[in-house]
Amino acid sequence: MGRFELQMTADAVNALMLRAFPDAHADAMAKVVDLAPGRATLVRRYGEGMLRPGGLISGPNLMGLADTGAYALILAHVGEQLMAVTSQLTMNFLRGAKPGDLHAEAELLHLGRRSAVCDVRIWTESPDRLAAQANVTYALPLPKGAS
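Below: a short report on this structure. (Residues numbered from 1 in each chain as written. Predicted model: local features only at pLDDT ≥ 70, side-chain atom pairs only at ≥ 80, totals over all residues. Heavy atoms only, no water.)

Things to note about the overall build of the protein chain
In step 1: From N to C terminus, the protein chain includes two helices and eight strands.
In step 2: Mapped from its N terminus to its C terminus, the protein chain presents α and β elements in the order α-β-β-β-β-α-β-β-β-β.
In step 3: Taken over 147 residues, the protein chain has a buried fraction of 43%.
In step 4: Taking contacts inside the protein chain between residues at least 6 apart in sequence as the whole, the part at least 24 apart equals 66%. (Helix = DSSP H or I, 4+ residues; strand = E, 2+ residues; numbered from the N terminus. Buried < 20%, exposed > 50% of the residue type's maximum accessible area, 1.4 Å probe, protein only. Contact = heavy atoms within 4.5 Å.)

A word on the environment of Pro60
In step 1: Within the secondary structure, Pro60 is located in helix H2 (residues 59-78).
In step 2: Expressed as a C-alpha distance, the spacing of Pro60 and Met50, which sit ten residues apart in the sequence, is 8.8 Å.

Notes on the sheet that holds strand E8 (residues 132-139)
In step 1: Strand order in the open sheet formed by six strands is E1-E2-E6-E7-E8-E5, with antiparallel pairing between adjacent strands. Each edge of the open sheet carries a strand with a single partner, namely strand E1 (31-36) and strand E5 (85-93). Averaged over all neighbouring strand pairs, the angle between strand axes comes to 20°, with direction disregarded.
In step 2: Looking at chain direction, strand E7 (residues 115-123) and E8 are connected through eight bridges and run antiparallel. Bridging across to E8, Cys118 finds its partner in Val136.
In step 3: In the packing of H2 onto the sheet, contacts are made with E1, strand E2 (39-44), E5, strand E6 (102-111), E7 and E8, and the angle to E6 comes to roughly 45°. (Pairing = 2+ DSSP bridges. Axes fitted to C-alpha atoms, helices over the stretch in contact; angles between N-to-C directions.)

Re the nonpolar core
Nonpolar side chains in soluble globular proteins tend to be buried together.
In step 1: Of all hydrophobic cores here, the largest spans 42 residues; its most connected members are Val13, Leu35, Leu62, Ile74, Val120 and Ile122.
In step 2: When residues of this core are traced back to their parent elements, those giving at least two are helix H1 (10-20), E1, E2, H2, E6, E7 and E8.
In step 3: Among the elements that line this core, the one with the most residues is H2, at eleven residues.
In step 4: Beyond its immediate chain neighbours, meaning those up to four positions away, Val13 contacts Met8, Val32, Leu35, Ala72 and Ala76. (Core = buried A, V, L, I, M, F, W, Y, C linked by side-chain atoms within 4.5 Å.)

What about H2?
In step 1: For H2, which comprises 20 residues, the first-to-last C-alpha distance of 28 Å matches the rise-based estimate of 28 Å (1.5 Å per residue) to within 8%.
In step 2: Most of H2 is tucked away: 15 of the 20 residues are buried.
In step 3: Downstream of H2 by one or two residues, Gly79 has phi in the positive range, about 85°. (Expected span 1.5 Å × (residues − 1).)

Let's talk about the packing of H1 against H2
In step 1: Axis separation between H1 and H2 bottoms out at 10 Å; the angle between their running directions is 120°. Considering the angle they form, H1 stands oblique to H2. Crossing geometry of H1 relative to H2 is assigned as right-handed. Of H2, the residues touching H1 (which contributes Val13, Leu16 and Met17) are Thr68, Tyr71, Ala72, Leu75 and Ala76.
In step 2: The class makeup of the residues in the contact of H1 with H2 is seven nonpolar, one polar and no charged. (Parallel < 35°, antiparallel > 145°, perpendicular 65-115°, else oblique. Left-handed = near helix turned anticlockwise from the far one by under 90°. Nonpolar A, V, L, I, M, F, W, Y, C, P; charged D, E, K, R; others polar.)

Geometry only, nothing functional implied.
Dropping the structure here:
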């Protein structure tokens, strides 16, 4: 995947996310654990507050991880453009997410001047047993002075 070039390290993205969202609890935030051109792997530690009735991880937690994964991946490629915003998120729930750490693999499909598109796959048990898959599009801010 040589067509994408990283602008930040995983540690730099994690630090930026903590600065950008100071009110978020650090232990409840997903962390980038691996980063490569066009790809990011994140982990969100499990907590009982993530469960819905029935003992599965709730949909809002899965959607939040998909959005966070796409945002972190895009920031890693465009730098500190914190005003990049979600413009579309389509979520496919494939099976119930059993209690456990949530893992996400985000892949950059398109990175243009005005938008970025990512595919995000989420699991708890194994990457071979996906709980959800999302397509996430971000609108990117115009560079200063552009119109």
